[in-house]
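The primary structure of each chain is shown beneath.
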Amino acid sequence: MCIEACPNNRIEVDEELNKKGYAPARFKETVNEGEKGCVGCAQCATVCPDVAIEVYRAK
Amino acid sequence: MPSEKMLMNGSHTVGEAAVRAGCRYYFGYPITPQNELPEYLSARMLDVGGTFIQGESEVASINMVLGASVAGGRVMTSSSSPGISLKQEGISYMAGMELPAVIINMMRGGPGLGNIAPSAADYFQATRGGGHGDYRTPVLAPAGGQELADLTFVAFDLADKYRNPVMLLGDGLMGQVMEPVVFPDFIDLEDLPKKDWILDGCEGREARALFSMLLGQQGELYQHNLRLQEKYDRITAEEQRWETKHTDGAEVVVVAYGTAARIAESAIEELTAEGIRAGLFRPITLWPFPLPALRELSRQVPRIAVFELCLGQMVEDVILSVGERAEIYFHGLPGGIIPTPAQIGEFIRSVVKGDGTVGRRIDV
Amino acid sequence: MSEQIEYTKIFSRPESLKENPTHYCPGCGHSVAHRLVAECLDEMGLRGKTIGVPPVGCAVLAYNYFNFDMVEAPHGRALAVATGIKRVHPDKFVLTYQGDGDLAAIGTAETIHAANRGERISAIFINNAIYGMTGGQMAPTTVLGQNATTAPGGRDPRLHGRPIDISRMLAVSDGVVFVERCALSSIKQIRKAKKAIKKAFQCQLDDLGFSLVELLSPCPTNWKLTPKAAWDWVNEEMVKTYPLGVIKDATGYEDKK
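Residues numbered from 1 in each chain as written. Chains lettered and ligands numbered in written order. Predicted model: local features only at pLDDT ≥ 70, side-chain atom pairs only at ≥ 80, totals over all residues.

Looking now at the overall build of chain B. Check the secondary structure of chain B and you find twelve helices and 16 strands. Taking 2.2 N^0.38 as the reference for a compact globule, 364 residues should give roughly 21 Å; the C-alpha atoms of chain B span a radius of gyration of 21 Å, in line with that estimate. Counting only C-alpha atoms and orienting by the principal axes, one finds that chain B spans roughly 70 × 50 × 40 Å. With 364 residues in all, chain B has 53% of them scored as buried. (Helix = DSSP H or I, 4+ residues; strand = E, 2+ residues; numbered from the N terminus. Rg over C-alpha atoms; globule rule 2.2 N^0.38 Å. Buried ≥ 20, exposed ≤ 12 C-beta atoms within 10 Å, placed from the backbone.)

Below, the structure written as structure tokens:
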């Protein structure tokens, strides 16, 4: 859900499986050419059913 | 200070006793023959700053009781046979969660809608669970106005002491008796022991959860049931109550409770005048049934005559207690029929003569 | 170039939600709903005085997730249990969290009467149009044509009756002061849902009456859809039977935009 929600395409599906056997979401650390970084809109966290995301905004 | 002697209707007596025993929450639904009790409390609760809700059904009422109990209040509901059937789910849950509450059943004729006459056909329902699961509820059977008051106090105390629902079992006649009653003094709610398990908001402590579902794979429900059974064993060991009259040297002892016991008592008085040595064994706790006391008595008398206002429910507990130690006879009247003392006298006479004209011998 | 940038945390687990991972299915609306309730309680400072009643349903173990006092109720009876609690503790905050079977099938009488009495209780109604915990049977809110294990071939009005709109029915009562229906199937709706929940809670705090927030909730497992498709189904299909929006507002509150 977070991948859908992110307006700046900062999240992708992880290649590795987690303990529950799912491929969870993973934050993309590197910002490529032409991409915007994470702006702290927290839309991902708003939709995450597992409260798995914490969001920090630069002061 | 205890009250002055008052002449009061049985249902009102229970209501007044409950309030004096610290009950501040009543939830119930009208059903004959106990409507006088909610009617009384709808006004009396306001006097003492309590809460009265006429719930939308007996089901809703027992669940309001559950909620008020969880929140720490002394709480009561009342109904009659068909309404008590509706409450069984809630009672089972409260037993599983170990919640105190007092439930008044003024029995009427059944099964189904039956009639509104006094009957005592809910003994099984009261003492054998009624609801689902391995649980018991203490059952108290008053036989008159004073006992209606006294046993109401006992009911609240037992409920709190053991964290269990407790039933007070009367019938339509008990609900209507007009007898002089002296009420014990008002209990000060501050004097009641504090409950450290209730839900009142987790400020300053860990959050608590109360539930009866134990799905775990480690035998949690098994352990919980063993603990509950341990509690019931303690109640059985310590809380049996009964009364005996004229049992020394008796040629027959009548076993009866509640209204039936009052009728039997009158019959016994008349027969004593005739020279028949008849006694009375009156269980006051139907659960735990005073089995050891009755067993002991059955070693000393030749005949036990069970009289019930139904077709035979308590008689099974009598058989368990007595076995073959004495002859067991049974006479019962279902459907709200109340015999006269003279008619019960006929039964007792027939038992002594062994002629089988009234009632029957139980083959053990 | 390594400047130390200072960050403030703007989103994290609310205190009213325990750290235990939930057992809910991937994409289930419960987790989001739990979080919203927890956030509202935190933001309104209510955790320490809240007593909650979970349902019998997928959220039966909600007391493992919510970090406040909770008591299990028999199926459907949550609002009667809540009534008993609130009458003993009128100064505390009492809420129920119920599914469609709990609130609108077996519990219909208790729901209507607690609401009609105007009990100062807030009800969170999770409507996923199916019976989740028991494996996908028809719910009172299953929509026409929707498949369910006890309505094979889809809900048929003659065979199974029509879906019930309990929120609109409750709105008729004067004891009910606030009813709003939101969804958990888009960011916009999730944000609206949180506002609605806060408003419902405020009704109780202001002693106005009974409040209820209905949350249309995706159930990917029993709808046999992916989480994304389940969101779409709520947004495109379910809202035809259960339109979103305020159903009753007798609060007199002026809403901030």
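Opposite the 23 residues of chain C that make contact, chain A presents 20 residues. Elements that contribute at least two residues to the side of chain C that touches chain A include exactly β1 (7-11), α1 (29-43), α7 (187-205) and α9 (227-241) of chain C. Here the side of chain C that touches chain A takes five residues from β1 of chain C, the largest share from any one element. Both strand β3 (residues 55-58) of chain A and β1 of chain C contribute to a ladder of four bridges, which runs antiparallel. Across the sheet, the residue bridging to Val55 of chain A is Phe11 of chain C, located in β1 of chain C. (Contact = placed C-beta atoms within 7 Å. Pairing = 2+ DSSP bridges.)

This next bit is on the domain arrangement of chain B. Residues and elements named next belong to chain B. For chain B, the assigned domains are domain 1 (5-191) and domain 2 (243-361). Of note, the centres of domain 1 and domain 2, computed from C-alpha atoms alone, are 27 Å apart. On the side of domain 2, 21 residues touch domain 1, which itself brings 26 residues to the contact. Counting residues per element, the ones that place at least two in the side of domain 1 that touches domain 2 are α5 (123-127), β6 (139-140), β7 (165-171) and α7 (172-176). By residue number, the principal contributor to the side of domain 1 that touches domain 2 is α5, which donates four residues. Along the lines of polarity and charge, the residues of the side of domain 1 that touches domain 2 split into 16 nonpolar, seven polar and three charged. (Domains from an automatic or database assignment. Nonpolar A, V, L, I, M, F, W, Y, C, P; charged D, E, K, R; others polar.)

All names here are of chain B. Across its 13 residues, helix α12 (residues 341-353) extends 18 Å between first and last C-alpha, which sits within 8% of the 18 Å expected from 1.5 Å per residue. Along α12, the residues classified as buried are Ile344, Gly345, Phe347, Ile348 and Val351. In a view along the axis of α12, the buried residues occupy a sector of 155°, so they form one face of it. With respect to the buried face of α12, the exposed residues turned more than 90 degrees away are Ala342 and Lys353. Packed against the buried residues of α12 are β11 (252-255), α9 (258-274), β12 (278-283), β14 (303-308) and β15 (327-332). The first or second residue beyond α12 is Gly354, which carries a positive phi of 75°. (Expected span 1.5 Å × (residues − 1). Arc of directions from axis to C-beta.)

With that settled, the discussion passes to helix α6 (residues 145-162) of chain B. Residues and elements named next belong to chain B. The end-to-end C-alpha separation of α6 is 26 Å, in line with the 26 Å expected for 18 residues at 1.5 Å each. Within α6, the full set of buried residues consists of Gly145, Glu147, Leu148, Ala149, Asp150, Leu151, Thr152, Val154, Ala155, Phe156, Leu158 and Ala159. Looking at the residues trailing α6, positive phi occurs at Arg163, about 50°.

A few words now on unusual backbone geometry. In this structure, the amide linkage connecting Thr32 of chain B to the following residue, Pro33 of chain B, adopts the cis form with an omega of 10°. Between Gly110 of chain B and the following residue, Pro111 of chain B, the backbone shows a cis peptide bond with an omega angle of 0°. With phi around 55°, Ala129 of chain C is a residue other than glycine that occupies positive phi space. Mapping Ala129 of chain C onto the fold places it in the loop between β5 (122-127) and α5 (157-160). Judged by the 28 C-beta atoms lying within 10 Å of it, Ala129 of chain C falls in the buried class. Positive phi outside glycine occurs at Asp207 of chain C, with the angle close to 60°. Inspection of the secondary structure assignment puts Asp207 of chain C in the loop between α7 and β7 (210-216).

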